[in-house]
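# Summary of structural features
The residues making up each chain are set out below.
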Amino acid sequence: MPSSHALEEIDRALAAQESWLGHIERKASAHRILSTLPYGKVPFWNRVVETVGARPNRLSRLTAKAGIPDASLIARLLWRAPRYDVVLLAGGERADLLYVALAALCPWIRTPHIIVDAHWQKASGGPGLLQRGLLRLARRLLHEVQPHSAEEIAIYEREFGVPARLLRPVPWSTSLIGYDIRPAEPAQPFVLTGGQSFRDYPVFLRAAGELGVRVKMGLPPGAVSPEIRRLVDAFPCVELHTEWSNRDYFQQISACSIFAMPIEQNLTRSTADQTILNAMHQGKIVVATDSIGPRIYLRDAINGFLVREPTVEAWKSALARALNLTPEERAAMADRAAFDARVRFNERIRLGRTLDNALGALDPSQRPSWACQLARVLVSKAASSRAA
């Protein structure tokens, strides 16, 4: 839990943000903004953004196998998009990507589109070719693509063919609005870890096991691999929990003394952003792999620790540094972590940045006519043919 002094500083900083957020809301209220991003717990967003979401139907079982829970969303977006000034899409949803590719083939749709929360891992074979093809088709309507990190600009241009001029990073945020998490004081002497996307648990568990550090790990039942099961059985200090709900997991974050986030190497995307920030929000000492996502939020030995190499020894060293902090060092690091998560990376400020970017797409002088855009495509293809 942050100190009372830190909480006062956080309150002052949040109060200062309200003026800017109010300015963004007033500007956005003059436009029609359509979005597939469901943020029902953020009032100012819902006052200026109309959300269209997935609706389970009889075909959902079939389309869900292709990663599209509601195919009707595509048709509803195609029908509504021309009547709006800007459309915000979820970068992690296949339906949204398929929709914008189809929309770009409809000359009567000229509304600029922004892909928010683009966190894409390079895929090989057919899926990779399909993704690049859809993004290429969507180019006419794409005003902006928002990954989380500036590091991803060169990666997304190289791996997904998105021009650097369209890439504008917006860091992710906490997600604790609406949850009543009671702080555990004092923190209990255990390290918490969990989640299933691109995690490097074997190296972390061996390091923690060799140190004899008590670890609680939360995973969905289907995410427990035989290797993880063997490591849990090999080290009595490690507890595996598959029964926790999201609220239970957040409460465990509140109770732990250290939060660990081991991440796989060679990713083309950020990952674990939200989970790391939720731990920082509660003033926890976070130890995470030195990867694209953690580097956005963690400053090594200032508001957390980065594990520089994906080895057991590197993890043991980082965990030892966190465990051996003096009470004064721990309190100062916890306050800095909480300030960053609650002020620099809170959910309201992230959505404000997204709306601010959307307003940039509403300047008519920045939106060439459909004929002009078509001419650019034809000229580009002609130039490519001559070069070949």
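Here the structure is shown first, and the text comes after it.
Analysis parameters
Residues numbered from 1 in each chain as written. Predicted model: local features only at pLDDT ≥ 70, side-chain atom pairs only at ≥ 80, totals over all residues. Heavy atoms only, no water. Buried < 20%, exposed > 50% of the residue type's maximum accessible area, 1.4 Å probe, protein only. Helix = DSSP H or I, 4+ residues; strand = E, 2+ residues; numbered from the N terminus. Pairing = 2+ DSSP bridges. Right-handed = clockwise from strand over helix to strand, strands pointing away. Axes fitted to C-alpha atoms, helices over the stretch in contact; angles between N-to-C directions. Contact = heavy atoms within 4.5 Å. Core = buried A, V, L, I, M, F, W, Y, C linked by side-chain atoms within 4.5 Å.

Looking now at the pairing of strand β6 (residues 191–194). By the alternation rule, side chains of β6 split into Val-191 and Thr-193 and Leu-192 and Gly-194, which are all buried. Bridge analysis of β6 against strand β7 (residues 215–218) gives 4 bridges, and the strand direction is parallel. Across the sheet, the residue bridging to Gly-194 is Gly-218, located in β7. As for the winding sense of the linkage, the β-α-β connection from β6 through helix α8 (residues 201–211) to β7 is right-handed.

The 6 strands are arranged β8-β7-β6-β9-β10-β11 in an open sheet whose pairing can be described as parallel. Strands with a single pairing partner mark the edges of an open sheet, and in this sheet they are β8 (238–241) and β11 (305–307). Taking the axes of each pair of neighbouring strands and ignoring which way they run, one obtains an average angle of 20° across the sheet. Bridge count between strand β10 (residues 285–289) and β11: 3 bridges; the pairing is parallel. Counterpart to Ala-288 in the pairing with β11 is Leu-306. Set on the sheet, helix α13 (residues 312–323) makes contact with β9 (258–261), β10 and β11; between it and β10 the angle comes to about 170°.

Our next topic: the pairing of β9. Burial along β9 is two-sided: Ile-258 and Ala-260 facing one way and Phe-259 and Met-261 facing the other are all buried. With 2 bridges connecting them, β6 and β9 associate as parallel partners. Of the residues in β9, the one forming a bridge with Leu-192 is Phe-259. Two elements, β9 and β10, share 4 bridges in a ladder whose sense is parallel. Paired with Ala-260 across the bridge in β10 is Val-287. As for the winding sense of the linkage, the β-α-β connection from β9 through helix α11 (residues 273–281) to β10 is right-handed.

Grouped together as the largest cluster of nonpolar side chains are 53 residues, with contacts concentrated most on Trp-45, Leu-88, Phe-259, Met-280 and Leu-355. If one sorts the elements of this core by residue count, helix α15 (residues 347–360) sits on top with 5 residues. When near neighbours in sequence (up to four residues on either side) are disregarded, Phe-259 contacts Leu-192, Thr-193, Tyr-249, Ile-253, Thr-275, Ala-279, Ile-285, Val-286 and Val-287. Counting residues in hydrophobic clusters, the runner-up holds 35 residues, among them Ala-103, Cys-106, Ala-118 and Trp-120.

So, on to the sheet that holds strand β4 (residues 113–116). Taken together, 5 strands build an open sheet; the order of strands is β2-β1-β3-β4-β5 and the sheet is parallel. The open sheet terminates on both sides in strands that have one partner only, identified here as β2 (49–51) and β5 (142–145). Here the average twist between neighbouring strands, direction ignored, is 25°. Both strand β1 (residues 33–35) and strand β3 (residues 86–90) contribute to a ladder of 3 bridges, which runs parallel. Following the sheet pairing, Ile-33 is matched in β3 by Val-86.

What follows covers helix α10 (residues 246–255). Regarding α10, the residues found buried are Tyr-249, Phe-250, Gln-252, Ile-253, Ser-254 and Ala-255. Here the buried face of α10 lies against β6, β7, β9 and α11.

It is worth spelling out the side chain of Thr-354 at this point. Within the fold, Thr-354 resides in helix α15. Sequence-distant contacts of Thr-354, that is, excluding residues within four places in its chain, are made with Trp-45, Leu-88, Val-116, Gln-146 and Val-170.

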